[in-house]
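Architecture at a glance
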Amino acid sequence: MHQDYDVIVVGGGHAGCEAAAAAANMGSRVLLITMNMQTIAQMSCNPAMGGVAKGQIVREIDALGGYSGIVSDRTAIQFRMLNRSKGPAMWSPRTQNDRMLFAQEWRIMLEQTPNVDFWQDMVKELIVENNKVQGVITSMGIAFKAKAVVLTNGTFLNGLIHIGEKNFGGGRSGEKAATGITEQLVKLGFISGRMKTGTPPRLDGRSIDYSKTEEQKGDENPGKFSFSDTAPLVRQRSCHITYTNEKVHEILKTGFEKSPMFAGRIQGLGPRYCPSIEDKINRFADKTRHQLFIEPEGWNTIEIYLNGFSSSLPEEVQYKALKEIPGLENVKMFRPGYAIEYDYFPPNQLRHSLETQLIENLYFAGQINGTTGYEEAACQGLMAGINAHLKLHKKDPLILKRSEAYIGVLIDDLITKGTDEPYRMFTSRAEFRTLLRQDNADIRLTPMSYALGLASRERFERVQKKTALVNEFIDLCRTTSISPAEVNAMLASKNSAEINQKIKANQLVLRPNIGLAEIAGCSEKINQFFNQIDNTIGQEVLEQAEISIKYESYIEKEFEYVEKVNRLEDVQLFEDFDYSRISSLSLEAKQKLSKLKPRTLGQASRISGISPADISVLMVYIGR
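Criteria and thresholds
Residues numbered from 1 in each chain as written. Predicted model: local features only at pLDDT ≥ 70, side-chain atom pairs only at ≥ 80, totals over all residues. Heavy atoms only, no water. Phe/Tyr/Trp six-rings, centres within 6.5 Å; stacked < 30°, edge-to-face > 60°. Helix = DSSP H or I, 4+ residues; strand = E, 2+ residues; numbered from the N terminus. Buried < 20%, exposed > 50% of the residue type's maximum accessible area, 1.4 Å probe, protein only. Lys NZ or Arg CZ within 6 Å of the ring centre and 35° of its normal. Expected span 1.5 Å × (residues − 1). Pairing = 2+ DSSP bridges. Domains from an automatic or database assignment. Axes fitted to C-alpha atoms, helices over the stretch in contact; angles between N-to-C directions. Polar contact = N/O pair within 3.5 Å; in protein donor to acceptor, adjacent residues only side chain to side chain. Contact = heavy atoms within 4.5 Å. Core = buried A, V, L, I, M, F, W, Y, C linked by side-chain atoms within 4.5 Å.

Under the criterion given, the structure shown has twelve aromatic pairs. Pairing Phe345 with Phe364 gives two aromatic rings, centres 5.7 Å apart and planes at 45°, and the pair type is tilted. In this pair, Phe345 sits in the loop between strand E19 (338-344) and strand E20 (362-364) while Phe364 sits in strand E20, placing the two residues 19 residues apart along the sequence. For the pair Phe345 and Phe364, a shared accessibility class is recorded, and that class is buried. Ring geometry for Tyr551 versus Tyr554: centroids 5.8 Å apart, planes at 50°, classification tilted. Grouped by ring-pair contacts, the aromatic residues Phe190, Phe345 and Phe364 constitute a single cluster. Against the face of Trp91 rests Arg84, its NZ or CZ located 4.2 Å from the ring centre. For Lys557, the ring lying beneath its charged end belongs to Tyr554, and the centroid distance is 6.0 Å.

Next up, the structure:
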C-alpha cells in the first residue's frame, strides 16, 4: 500500500480518469485517489457527451488513445450529429448516455488497465520539497510518494452548495467538499479564485405528459465517437422539448430576493453560455419563453434531467414554476437544482504542458483550471497524464498547436489568456476549424500519439490504411471520367443540371447536393473501388474523401489564413481605443477588448471569446 508511484492522480472525474489511463498506458505506475470509488467518472450534470465543438474534442481524445469516446459509445442511448445543415467544419457529434452505465464502464476500463492502483480517501496536503512535488498526504494521515502529481479536483475544492437562502459544504449533491489543498497552494504562492456552476432539478419521468412536448429523436443512421470498432446504436431513446412561459417567469421572479446569485451570496462567476434559468429571465427580459430539453438519464431509469432549467432558487419556487411548464403540470421532483461555488486557480500559472510554474512535476487539469464541461476536463486530464509521464522520462512535452487540435486551442487559450469565468469550447474559438474537423481527428493526431507510445499499433495501422484509401479514392475521382449516359438520370433526380459531355467525377462532387455515394452508383469503376473497402472504415473513407474534394478550396484558404494570422502581430492597436464605437463587433468582443486592451491584432486574436469574425471587423476598421 505504501509503495512509491510514478504518478498520483487526485480526483476520479473525467480529467482524473483520462490522466490515470494515459500515464498508465504509457508505462507509468499510477495511483488514482478518489473520495468515493462509487462515483468514478460520475456525470455530475447532464447525461450527455459531445455537442458543438465538444464533440470534436471527444474524437480528438479518442484519436490520441484516450477512453472517453469508447465509453461514450458503449453507454449511449441516443446519437445525433449536430449542425448537419452547415459545413463539415461545424458538424459536432453528441451522445445521450446512460449515467450509471457510463460510470460503470469507465471504472471497468480503468480496472482493466495495467499499472493503475486505486485508493479511496481525501487528499488534504501535497508533499513539496525544494519546490518539487514528492507525493500527497490523505485525510487518514497516509503519505503516498510519487514523482509527479496531477490535481483534478473538479468542483470539490472548498465546494459550497446553494439552494435559495440555504448553503452547505459539498463538492456535489450528497458528497462532502475537499479541504486543505487550496490553503496550502496559496501559501506556496499560487493565486486562487472562485467560480460557480449549477445544475437543474431531477424529475420523475412517470409524472411527465409527453403528449404536450416535442419529440427529439436520434439520427436515423447513428454514428459514434470512437475510431475503433465500437458498435453504433441499434435502438435509441428520444429526448423531448418543452418551453417556459411568462407565468413560469413570474413565479421564478418571486424567488429572486432569496436567490444567492442576486443577493450576493455567490461571489464566483458562472458560465456565460450556460446560465441558470433565473439569470436567463433577468438578462433576457424581452424573451417570453426559453427552450428546455427533457433528457432521460438511462435505459432503465425513470429519472429525467431538465436541461436548460439550472437553478439555485428555493426548492418550493422551483417546484411551483415547474408545474406551469407544458407537460410538467403533475410533475414530481426527485431533487431541486442547485448552484455550487468552488476554488480554481487561474491557468496562466501553468505551462503549456499543464505543469505548474511554481512547483515542478505538479499538474492541474479540469475545472481547477477554470474550465466547464466533461469534454474540456477530459482532454486536459489526457494531456496532463501524457506530459507527466514524458517529464519523468526526460522527454519533451506534447504541446498541440492551435492548428493541430481543438485541445491545442483550449490549452493555449487557458495559458495565454487566462479566464475569469468558466471556459467552454466553441467552434468560433478555433481559427482553423476547417482543418480541425471531427472526421479527420485520427489522421491529425493518432500518428503523434503512436510515436509517444500511447495509441496502439492497431490504431496507427488503421489510420495509415484509412489515409491511403482516402488519397486513392480522391485520385480515382480526379482521373475517372463519367459520361452523360451514366450520370444524367441521377442528376435529374437531384434537380441538378444534366451534362452533355464527359466530366471528371471530382467535378460532379463539387455540386452542393451531389455526394460520392451518388457518383459511385453511376460509375462502375468507382463503385468497384468502394465495395472493396473494409466495411469497418468504408463510411469514414467515403466521408473523408468527399469532404476533401468538395471543400478543397476552403481548406487551401485555411492554410493561407494560418499565414495571415502570423502577420497580425505587426498590426498595432491603440490602448485607449473605444471599441464600443464598432457596432459590428460582438458584445463579448467589445467587453473583453475594452478590459484587456491588447497592443496588437495578434494579441486580440488570442483573447478568449474573440472570434475570427471579430478580428476581420477590426482589420476592416483599421484599414479604413
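Unlike most non-glycine residues, Ala41 shows phi in positive territory, near 60°. For Ala41, the location among the structural elements is in the loop between strand E2 (30-34) and strand E3 (48-50). Of the residues examined, Ala41 reaches a relative accessible area of 0% and is grouped as buried. Located in the positive-phi region is Lys394, a residue other than glycine, with phi close to 55°. In this structure, Lys394 sits in the loop between helix H9 (374-392) and helix H10 (406-417). With relative accessibility at 78%, the residue Lys394 sits in the exposed group.

The next thing to look at is helix H17 (residues 535-550). Because the α-helix completes a turn every 3.6 residues, residues three or four places apart line up on one side. Its 16 residues place the ends of H17 23 Å apart at the C-alpha level, agreeing with the 22 Å of an ideal helix rising 1.5 Å per residue. The set of residues buried in H17 consists of Ile537, Gly538, Glu540, Val541, Leu542, Gln544, Ala545, Ile547, Ser548, Ile549 and Lys550.

Pairing of strand E10 (residues 160-163) with E19 involves three bridges; the strand directions are antiparallel. Within the sheet, the bridge partner assigned to His162 lies in E19 and is Ala339. Alignment of E10 against strand E11 (residues 166-169), held across four bridges, turns out to be antiparallel. Bridged to Leu160 within E11 is Gly169. Counting the residues between successive antiparallel strands, the hairpin from E10 to E11 contains two residues, one of them, Gly164, with a positive phi of roughly 60°.

What follows concerns the domain arrangement of the protein. Accessible area lost on assembly of the parts is the figure often given for the size of an interface. Structurally, the protein comprises domain 1 (202-337), domain 2 (457-555) and domain 3 (571-623). Distance from the C-alpha centre of domain 2 to the C-alpha centre of domain 3: 42 Å.

This part takes up the sheet that holds strand E17 (residues 303-307). Pairing is antiparallel across the open sheet formed by six strands, whose spatial order is E14-E15-E16-E17-E13-E18. Edge positions in the sheet fall to strand E14 (214-216) and strand E18 (333-335), since each has one partner strand and no second. Pairs of neighbouring strands in the sheet enclose a mean axial angle of 35°, with direction left out of account. The sheet contact formed by strand E13 (residues 202-204) and E17 spans three bridges and is antiparallel. Among the inter-strand pairings, Asp204 is bridged to a residue of E17, identified as Glu303.

Glancing now at the side chain of Asp439. Looking at the element boundaries, Asp439 is found in the loop between H10 and helix H11 (441-452). Accessibility expressed as a relative area gives 2% for Asp439, which makes it buried. Here Arg437 takes part through its side chain, which lies 2.9 Å from a polar atom of the side chain of Asp439. Within polar-contact distance, the side chain of Asp439 engages the side chain of Gln544 at 2.5 Å. Sequence-distant contacts of Asp439, that is, excluding residues within four places in its chain, are made with Arg59, Phe227, Lys466, Glu543, Gln544 and Ile547.

Right, let's get into the sheet that holds strand E12 (residues 193-199). Judged by pairing direction, the sheet is antiparallel, and its four strands sit side by side in the order E11-E10-E19-E12 without closing on themselves. Every other strand in the sheet has two partners, leaving E11 and E12 as the edge strands with one partner each. If you compare each strand with its neighbour and ignore which way they point, the axes differ by 25° on average.

Let's shift gears to the nonpolar core. By size, the foremost hydrophobic cluster in this structure holds 94 residues, and its most contacted members are Ile8, Leu151, Leu362 and Ile407. Examining the composition of this core, we find that ten residues originate from one element, H9, more than from any other. In this structure Leu151 touches Val10, Leu126, Ile181, Leu185, Leu362, Tyr363, Phe364, Ala365 and Ile368, once residues within four positions along its chain are discounted. Membership of the second largest hydrophobic core comes to 27 residues, among which are Leu476, Ile482, Leu491 and Phe529.

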